Amino acid sequence: MRPFEYEEPRSIEEAVSLLGAPGKNRLLAGGTDLLVRLKRREWPVDRVINLKRIETLRGIEERGDWVTVGALTTIEELERSEVVAKRWPLLREAAMEMASPQVRAMATAGGNLCNASPAADLAPPLLCLDAQMIAVGPRGERTIAIRSFFAGPGRTALAPDEILTGIRIPSAPARGCFIKFCTRRAMDLAVVSVACAVVSKETRLALGAVAPTPIRVAASAEEAAMRCAPIDDVRATAEYRRELVRVLAGRALAKAAS
Ligand SMILES: Cc1cc2nc3c(=O)[nH]c(=O)nc-3n(C[C@H](O)[C@H](O)[C@H](O)COP(=O)(O)OP(=O)(O)OC[C@H]3O[C@@H](n4cnc5c(N)ncnc54)[C@H](O)[C@@H]3O)c2cc1C
């Protein structure tokens, strides 16, 4: 790892100002993606800005028609949250399927989404729930619909000087499930993931690991298999992934309907 400056801002404003300073700046949340990249020297960095001391980025808050999940909320906190368990089983299942207890205790919801892996486990359930991403930068606050948030592998709609402060989810409860297919039983990224939600009689389906970004698709197994754009890689061939989408989407739809 090459040397870099290290900052621990205490407020969002301070973090935004540091992020906009000259040089290659990177935000640190749980560090479970970032530190791996830094150690492999994949990302040149002049300054690491640790968000962990900003208390306002933590926690799950119900207010009016929305539940807001702070960007620093850990995957373990999502897994244990009664609010999540009561309303959105698919989101809880995705949290429970991720990595290992040790990684889940460090990894954050914001980091999972901002890392923008096509296989990010939280993305398909949040796509089904029509979540909104709250971004803060020097020009103030804005919300980005999650369907417009992912721009490609490792790329999001955030400007270079914007921070994701939270994820806002419409508070309506949803029946549904999350199915993750891996080559190992634990500590593996998805070969294919499928989330399905029934919200006020509307059935929604989203896929992970089968396109450059996680995607929402029509609630039909055949259409999902046609619409996805998988690649061959170390985990599976594109053809196998497409067949998995057909089978797993069918199972998820049947389970959500029962
Ligand atoms: C052993 C292992 C197993 C894993 N298994 C899985 C798995 O099964 N499923 C899965 O989805 N992921 C998995 N991951 C990846 C990783 O743990 C998750 O993506 C995690 O949620 C990242 O969160 P973090 O807080 O650690 O992010 P960090 O590493 O701190 O940050 C990730 C990226 O997001 C940016 N970022 C972080 N927070 C913000 C913010 N608030 N605003 C703007 N940008 C921000 C950082 O600058 C960085 O570019 C695994 C990782 C490891 C090491």
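Structure's up top.
As the structure is a prediction and not an experimental result, all values here were calculated from the model. (Residues numbered from 1 in each chain as written. Predicted model: local features only at pLDDT ≥ 70, side-chain atom pairs only at ≥ 80, totals over all residues.)

Draft legend 1. Just the sheet that holds strand 6 (residues 132-137), in detail. Reading across from one edge, 4-5-10-6-7 is the order of the 5 strands in this open sheet, with antiparallel pairing throughout. Only two strands of the sheet have a single partner each, and these edge strands are strand 4 (60-63) and strand 7 (140-145). Averaged over neighbouring strand pairs, the angle between their axes works out to 25° when direction is ignored. By the bridge criterion, 6 bridges tie strand 6 to strand 7 in an arrangement that is antiparallel. Opposite A135, over in strand 7, you have R142 as the bridge partner. Contacts from helix 1 (residues 12-19) reach strand 6 and strand 10 (163-170) within the one sheet, and its direction differs from that of strand 10 by about 125°. (Pairing = 2+ DSSP bridges. Helix = DSSP H or I, 4+ residues; strand = E, 2+ residues; numbered from the N terminus. Axes fitted to C-alpha atoms, helices over the stretch in contact; angles between N-to-C directions. Contact = placed C-beta atoms within 7 Å.)

Draft legend 2. Local environment of the sheet that holds strand 2 (residues 25-28). Read across the open sheet, the 3 strands follow the order 1-3-2; overall the sheet is parallel. One side of each edge strand has no neighbouring strand; the edge strands of this open sheet are strand 1 (5-7) and strand 2. For this sheet the average axis-to-axis angle between neighbouring strands, irrespective of direction, equals 20°. Summarising the sheet, strand 1 and strand 3 (residues 47-50) pair through 3 bridges and their orientation is parallel. Bridge pairing links E7 to I49 in strand 3. Its contacts with the sheet place helix 1 against strand 1, strand 2 and strand 3, and it is angled at close to 165° to strand 3.

Everything listed here is a matter of geometry and, on its own, says nothing about what the molecule does.
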